[in-house]
Amino acid sequence: MTDTFKFELLGTDGKARRGRVHTAHGAINTPAFMPVGTAATVKAMMPESVAETGAEILLGNTYHLMLRPGAERIEKLGGLHKFMNWDKPILTDSGGFQVMSLAQLRKITEDGVRFRSHIDGAYYDLTPESSTEIQRQLDADITMCFDECPALPAPKERVNEAMQLSMRWARRSREAFTHRPGYGQFGIVQGGTEKDLREESVEKLTEIGFEGYAIGGLAVGEGQELMFSTLDFTTPVMPTDKPRYLMGVGKPDDLVGAVARGVDMFDCVLPSRSGRTAEAWTRRGSVNLRNARHKDDPRPLDENCTCPCCKNYSRAYLYHLTKTKEILGLMLLTWHNLHYYQELMAGMRTAIEEETFDKFVVDFHALREQGDI
Ligand SMILES: CCOC(=O)Nc1nc2cc3nc(NC)[nH]c3cc2c(=O)[nH]1
């Protein structure tokens, strides 16, 4: 536990960074991957199992939790850590992105967003102030600013409008934030794939001052090349003494490329969602367990993986569980995928410490080109 929120930059290798974020509920080694615990659970996983994969922080979704069971209820029950039996750090999103992707009818005004719940159709408002208050009620160690993420491709004018609105909302989010030792708030850089807009957004956010800075507005359909080129001119103008968090990313090769471009933290539903759609991620690429070629295969998913799924179960068994829609299939594949993602992050942390990150990247891609998985 720590009483002050801080980021230690422990080492670098090129633009890749090795660090540690200290929060009220513990430390997070970076580069770090955050499993997504949408409705106060990482689907198909016990929290103890999530911790066993090596995860040191989880992401909670404000939009889902405000609708059900409600932030007040979770606050009364002692906060999200107690509610879901996770005593390590939690980062909550601000709800903005999920409202735009999940809610029915939504109306954006200068004040915030009015929307209808996708659950019961009731009307709700989210503003920078109410989003920040909800995240406080959840007792999030890291609170995110309320922002607007435009879908890409979009005309520069539209991207600029969304960025300027998000910067005004960032100031209101900061003013509504309750400063407590060990708790931090991250600003969210917007600006699409436009260099000048990204630079202006960083300038405006660092003027306000946050404990960390997220890169929003990406992984929204722009493709990996445009995402990487945007990172190439965005991370260099971001503060070096604060964590950088790329939201919603990504596939293993996205993570490796983004760490190489100076990103410290990630979240993505991919490993847990793939665990429920019979897709396993391995160091050699992804494996679809619905494919009949696995029916008689006695090998584990990955001989080199040390997770309970690879240590004790064959592909034939995983294929059987998939075909029969057995719950254990969801559990084992989710566990494996989250374990693999944490192994990938641990490997990158070690490579940066040893200044062998370039070799790590070469080996990472070589294994994936060998095929035969
Ligand atoms: C996780 C904290 O994010 C927020 O509070 N706002 C926000 N969330 C995003 C989530 C995203 N997921 C993806 N791809 C899967 N892209 C995203 C962008 C944002 C964003 O700009 N802003």
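The sections below set out a description of the structure shown in this document.

What counts and what doesn't
Residues numbered from 1 in each chain as written. Predicted model: local features only at pLDDT ≥ 70, side-chain atom pairs only at ≥ 80, totals over all residues. Heavy atoms only, no water. Helix = DSSP H or I, 4+ residues; strand = E, 2+ residues; numbered from the N terminus. Rg over C-alpha atoms; globule rule 2.2 N^0.38 Å. Contact = heavy atoms within 4.5 Å. Areas by Shrake-Rupley, 256 points an atom, 1.4 Å probe, with all protein chains shown as cover. Lys, Arg positive; Asp, Glu negative; His and termini not counted. Charge placed at Lys NZ, Arg CZ, Asp CG, Glu CD. Axes fitted to C-alpha atoms, helices over the stretch in contact; angles between N-to-C directions. Parallel < 35°, antiparallel > 145°, perpendicular 65-115°, else oblique. Nonpolar A, V, L, I, M, F, W, Y, C, P; charged D, E, K, R; others polar. Near = heavy atom within 4 Å. Polar contact = N/O pair within 3.5 Å; in protein donor to acceptor, adjacent residues only side chain to side chain. Patch = residues over 30% accessible without salt bridge, like charges linked within 9 Å, V, L, I, M, F, W, Y side chains within 5 Å. Salt bridge = Lys/Arg side-chain N within 4 Å of Asp/Glu carboxyl O. Expected span 1.5 Å × (residues − 1). Buried < 20%, exposed > 50% of the residue type's maximum accessible area, 1.4 Å probe, protein only. Arc of directions from axis to C-beta. Phe/Tyr/Trp six-rings, centres within 6.5 Å; stacked < 30°, edge-to-face > 60°. Lys NZ or Arg CZ within 6 Å of the ring centre and 35° of its normal. Pairing = 2+ DSSP bridges. Core = buried A, V, L, I, M, F, W, Y, C linked by side-chain atoms within 4.5 Å.

Points about the overall build of the chain
Here is step 1 of the chain: Looking only at helices and strands, the chain features 15 helices and 16 strands.
Here is step 2 of the chain: Taking 21 Å as the expected radius of gyration for a compact globule of 373 residues, we find that the chain reaches 20 Å, a close match to that expectation.
Here is step 3 of the chain: Dimensions along the principal axes, computed over C-alpha positions, put the chain at roughly 60 × 45 × 45 Å.
Here is step 4 of the chain: Considering only contacts within the chain whose residues lie at least 6 apart along the sequence, 66% involve residues at least 24 apart.
Here is step 5 of the chain: For the chain, the exposed surface amounts to about 15,500 Å²; the carbon and sulfur share of it is 51%.
Here is step 6 of the chain: Charged side chains of the chain number 45 positive and 52 negative; the gap between the two group centres comes to 5 Å.

Concerning the packing of helix α7 (residues 156-176) against helix α8 (residues 195-208)
Here is step 1 of the chain: At their nearest, the axes of α7 and α8 sit 10 Å apart, and the two run at 10 degrees to each other. If you check the angle between α7 and α8, you find them roughly parallel. Facing α7, whose interface residues are Lys156, Val159, Asn160, Met163, Gln164, Met167, Ala170, Arg171 and Arg174, α8 presents Asp196, Leu197, Glu200, Ser201, Lys204, Leu205, Glu207 and Ile208.
Here is step 2 of the chain: The residue makeup of the contact of α7 with α8, split by class, is seven nonpolar, three polar and seven charged.

With respect to the site of the ligand
Here is step 1 of the chain: Surveying the vicinity of the ligand reveals 17 residues, the closest of which are Ser94, Asp147, Gly217, Leu218 and Ala219.
Here is step 2 of the chain: A distance of 2.8 Å separates an oxygen atom of the ligand from a polar backbone atom of Ser94.
Here is step 3 of the chain: Within the backbone of Ala219, an N or O atom sits 2.8 Å from a nitrogen atom of the ligand.
Here is step 4 of the chain: Protein burial of the ligand: of its 480 Å² of free accessible surface, 87% is covered by the chains.
Here is step 5 of the chain: Here the residues of the shell around the ligand sort into ten nonpolar, five polar and two charged.

As for a positive patch on the surface
Here is step 1 of the chain: A surface patch of like charges, here positive, comprises Arg290, Lys295, Lys323 and Lys325.
Here is step 2 of the chain: Assignment of secondary structure puts Lys323 in helix α13 (residues 315-323).

Regarding helix α15 (residues 357-369)
Here is step 1 of the chain: With 13 residues, α15 should reach 18 Å at 1.5 Å per residue; the first-to-last C-alpha distance of 19 Å fits that figure.
Here is step 2 of the chain: Every buried residue of α15 is accounted for by Phe357, Phe360, Phe364 and Arg368. Within α15, the buried residues cover an arc of 60 degrees as seen down the axis, which keeps them to one side. Among the exposed residues of α15, those oriented more than 90 degrees off its buried face are Asp358, Lys359, Val362 and Glu369.
Here is step 3 of the chain: The elements touched by buried residues of α15 are β1 (6-13), β2 (16-23), α10 (252-260), β15 (279-282), β16 (285-288) and α14 (327-353).

Notes on the packing of aromatic side chains
Here is step 1 of the chain: According to the stated counting rule, one finds nine aromatic pairs in the structure shown.
Here is step 2 of the chain: Arranged with centres 6.3 Å apart and planes meeting at 90 degrees, the rings of Phe5 and Phe186 form a pair that is edge-to-face. Pair noted here: Phe5 is in the segment before β1 and Phe186 is in strand β11 (residues 184-189), with a separation of 181 residues, a long-range link. In this pair, the class of Phe5 matches that of Phe186, namely buried.
Here is step 3 of the chain: Look at Tyr340 and Tyr341: their rings are 6.2 Å apart centre to centre, the planes differ by 85 degrees, and that puts the pair in the edge-to-face class. The exposure classification of Tyr340 matches that of Tyr341, with both residues buried.
Here is step 4 of the chain: In this structure an aromatic cluster arises from ring pairing among Phe33, Tyr340 and Tyr341.
Here is step 5 of the chain: Note that Arg180 overlies the ring of Tyr183, its terminal NZ or CZ placed 3.7 Å from the centroid.
Here is step 6 of the chain: Over the face of the ring belonging to Phe228 we find Arg261, whose NZ or CZ atom lies 4.0 Å from the ring centre.

Regarding the sheet that holds strand β13 (residues 244-246)
Here is step 1 of the chain: An order of β4-β14-β13-β12-β11-β10-β6-β5 is seen for the eight strands of this open sheet, with the pairing classed as parallel. Of all strands in the sheet, those with a lone pairing partner are β4 (32-34) and β5 (58-60), marking the two edges. Looking at each pair of strands side by side, their axes are set apart by 25 degrees on average, direction ignored.
Here is step 2 of the chain: Sitting on the sheet, α8 is in contact with β11 and β12 (212-215), with an inclination near 155 degrees to β11.

Looking at the sheet that holds strand β8 (residues 113-116)
Sheet strands line up and pair through hydrogen bonds in the backbone, either parallel or antiparallel.
Here is step 1 of the chain: An order of β7-β8-β9 is seen for the three strands of this open sheet, with the pairing classed as antiparallel. Lying at the two open borders of the sheet, with one neighbouring strand each, are β7 (104-108) and β9 (123-126). With strand direction ignored, the average angle separating the axes of adjacent strands in the sheet is 20 degrees.

Section: unusual backbone geometry
One can expect most non-glycine residues to show negative phi and most peptide bonds to be in trans.
Here is step 1 of the chain: Residue Pro153 follows Leu152 across a cis peptide bond; omega there is 0 degrees.
Here is step 2 of the chain: In this structure, Pro153 sits in the loop between β10 (142-144) and α7.
Here is step 3 of the chain: Omega for the peptide link from Val249 to Gly250 comes to 5 degrees, which places this bond in the cis form.
Here is step 4 of the chain: For Gly250, the location among the structural elements is in the loop between β13 and α10.
Here is step 5 of the chain: Positive phi, normally seen in glycine, also occurs at Ala44, with a value near 75 degrees.
Here is step 6 of the chain: Within the secondary structure layout, Ala44 lies in the loop between β4 and α1 (47-52).

So, the nonpolar core
Here is step 1 of the chain: Phe115, Leu246, Leu255, Phe266 and Met348 are the most contacted members of the largest nonpolar core, which has 71 residues in total.
Here is step 2 of the chain: Looking at this core element by element, the count peaks at nine residues for α14.
Here is step 3 of the chain: Once you skip the residues sitting within four places of it in the chain, Phe266 turns out to touch Ala32, Phe33, Met34, Tyr245, Leu246, Val249, Leu255, Ala258, Val259 and Met345.
Here is step 4 of the chain: Core analysis: the second largest hydrophobic core is formed by 18 residues, Phe5, Ile57, Leu91 and Met265 among them.

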